[in-house]
Amino acid sequence: MASESKKKCRQYNIEYLKYGFIQSPTNLTLPMCLICRKVFSNEAMKPSRLQEHLIKVHANKKNMDLFYFQALEKKFLKEPTLVNMFSTTSKQDDDGLRASYNISLLIAKSGKSHTIGEELILPAINKVINTMLHKPAFDIIKKIPLSNNTVQRRIDEMAQSVEELLCEFLKATKFSIQLDESTLPGNEALLLAYVRFVIEEKICQELLFAKNLMTDTKGESIYHTFFLRGASVGFFFWKWAVKVKCLGNTVVDPLIYILNVCFVKGIFPEKFKLAIVKPLYKTGDKKNVTNYKPISMLCNFSKIFEKIVKVRFITFLEANKLLSKNQFGFRPGRSTTGALYEMS
């Protein structure tokens with residue numbers, strides 16, 4: 001049983017232009033007449049068929065030279081199409097959106113009010129375009145949204161993106177963290193956290209986050225801001241899983257062994273006693289040392305050891321009833337309110 005022979009797909013040749021034919025923009029395997037814009041089948045892509053169409057249908061053009069048809073082709077390619085119109089409009093909108101993000105980034109870096117976009121930057125763009133390019137700037141400016149809410153949203157989106165990239169990177173690399181404190185002009189206290197890590201043998205530093213200290217800048221307030229969940233540093237690390245717990249059994253087993261040895265021998269490791277003491281500025285003259293307070297950053301493992309000692313100590317005291325029944329403070333299930341009831 002003989003199989004059907006496959007039809008040959010004819011290819012366009014640049015010489016067909018002298019008959020007034022180019023490739024169809026919608027299908028490059030089909031010829032199209034530049035004069036009447038008629039598209040023919042692939043079987044018609046033969047010099048004899050194309051020349052026949054030119055002589056019979058466009059007899060007044062049969063003696064035109066190649067330059068005439070080249071001019072027709074250039075004119076055709078310059079004509080706006082629906083696809084080109086949409087793609088051009090889309091590109092202009094994308095450029096306006098990109099400009100909106102770039103300007104919002106500059107506003108964020110400058111620390112200026114977000115209203116500066118509409119109040120100063122857009123009017124300045126309008127003046128530059130009118131003066132230098134002598135063109136109306138309305139169509140360009142309307143594609144660059146810079147309202148107060150828009151700028152705020154752009155900054156938040158860029159910050160979120162940077163935060164995601166940084167935290168994903170920190171999950172897979174070693175880094176150190178440094179805490180700092182700053183005071184805004186309105187006496188609002190901020191807790192700043194910086195991370196340092198190595199990229200391509202270079203030490204890099206990035207701001208990890210800035211959190212408000214809701215009360216003051218005392219060591220206790222900084223501690224609670226760092227460890228309490230909610231809008232705090234502890235929640236930040238919990239959210240991104242950038243924490244000691246991520247190390248799993250790699251750290252747990254050696255740490256259990258070290259802590260058990262410490263209990264048996266009654267030794268507190270010297271390394272656990274080391275702390276990084278950093279002077280934090282409060283208020284007043286920065287050259288006056290009394291306007292600084294020391295903050296000690298202790299090893300996290302020493303804090304774990306401290307909590308284990310507390311649990312064992314309280315458990316021993318409670319089990320052997322060594323604490324007075326009138327001791328209400330610092331005991332689970334009791335409070336100073338109970339002491340008031342006992343006295344009344």
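Residues numbered from 1 in each chain as written. Predicted model: local features only at pLDDT ≥ 70, side-chain atom pairs only at ≥ 80, totals over all residues. Heavy atoms only, no water.

The number of helices and strands found in the protein is 12 helices and 7 strands. Taking all 344 residues of the protein together, the buried fraction comes to 24%. Carbon and sulfur atoms make up 59% of the accessible area of the protein, which totals about 25100 Å². (Helix = DSSP H or I, 4+ residues; strand = E, 2+ residues; numbered from the N terminus. Buried < 20%, exposed > 50% of the residue type's maximum accessible area, 1.4 Å probe, protein only. Areas by Shrake-Rupley, 256 points an atom, 1.4 Å probe, with all protein chains shown as cover.)

Let us now look at the side chain of H53. Along the chain, H53 turns up in helix 1 (residues 47–57). A relative accessible area of 9% means that H53 is categorised as buried. What H53 contacts, discounting residues up to four positions off in sequence, is F21, C33, C36, F40 and H58. (Contact = heavy atoms within 4.5 Å.)

Time to look at the nonpolar core. If you look at the biggest cluster of nonpolar residues, it comprises 16 residues, and the most contacted ones within it are Y12, L17, F21 and I22. Of all the secondary structure elements, the ones that give two or more residues to this core are strand 1 (21–23), strand 2 (31–33), helix 1 and helix 2 (66–78). (Core = buried A, V, L, I, M, F, W, Y, C linked by side-chain atoms within 4.5 Å.)

Scanning the model with the defined rule gives 4 salt bridges in all. Residues D139 and K142 are paired through a salt bridge, measuring 3.7 Å at the closest nitrogen-oxygen approach. Residue classification places D139 among the partly exposed positions, given a relative accessible area of 46%. For K142, a relative accessible area of 52% translates into the label exposed. (Salt bridge = Lys/Arg side-chain N within 4 Å of Asp/Glu carboxyl O.)

Within the structure shown, the criterion is met by 6 aromatic pairs. Ring centres of F268 and F272 lie 5.9 Å apart, and the angle between their planes is 70°; this geometry places the pair in the edge-to-face category. The buried category is assigned to F272, whose relative accessible area is 11%. Stacked on the ring of Y101, the Lys or Arg R154 has its end atom at 4.6 Å from the ring centre. (Phe/Tyr/Trp six-rings, centres within 6.5 Å; stacked < 30°, edge-to-face > 60°. Lys NZ or Arg CZ within 6 Å of the ring centre and 35° of its normal.)

Positive phi is not limited to glycine here, since R37 has a value of about 65°. Within the element layout of this structure, R37 appears in the loop between strand 2 and helix 1. Relative accessible area serves as the criterion here: at 38%, R37 is assigned to the partly exposed category. For K321, which is not glycine, the phi dihedral falls at a positive 50°. Here K321 is to be found in the loop between helix 11 (300–319) and helix 12 (336–343). K321 gets classed as exposed once you look at its relative accessible area, which sits at 74%.

So, on to helix 1. Listed in full, the buried residues belonging to helix 1 are L50, H53 and L54. One side of helix 1 carries all its buried residues, which in axial view fall inside an arc of 95°. In helix 1, the exposed positions angled more than 90 degrees off the buried face are occupied by S48 and K56. Contacts from the buried residues of helix 1 go to strand 1, strand 2 and helix 2. (Arc of directions from axis to C-beta.)

What follows concerns a nonpolar patch on the surface. On the surface, V128, M132 and L133 cluster together into a nonpolar patch covering about 330 Å² of accessible area. With respect to the element layout, V128 can be found in helix 4 (residues 116–133). (Patch = residues over 30% accessible without salt bridge, like charges linked within 9 Å, V, L, I, M, F, W, Y side chains within 5 Å.)

Another aspect to go through is the environment of S41. Relative to the helices and strands, S41 resides in the loop between strand 2 and helix 1. Beyond its immediate chain neighbours, meaning those up to four positions away, S41 contacts L30 and P31.

As a further point, take the confidence of the model for the protein. Parts of the prediction with low pLDDT should not have their coordinates interpreted in detail. Taken as a whole, the protein shows an average pLDDT of 77; of its residues, 78% reach a score of 70 or greater. When the criterion is pLDDT under 50, residues 1–5 qualifies, and its contacts beyond four places in sequence or with other chains add up to 0 contacts. Below a pLDDT of 50 lies the segment residues 225–236, which in the model reaches 26 contacts outside its immediate sequence neighbourhood of four places, other chains included. (pLDDT = per-residue confidence, 0-100.)

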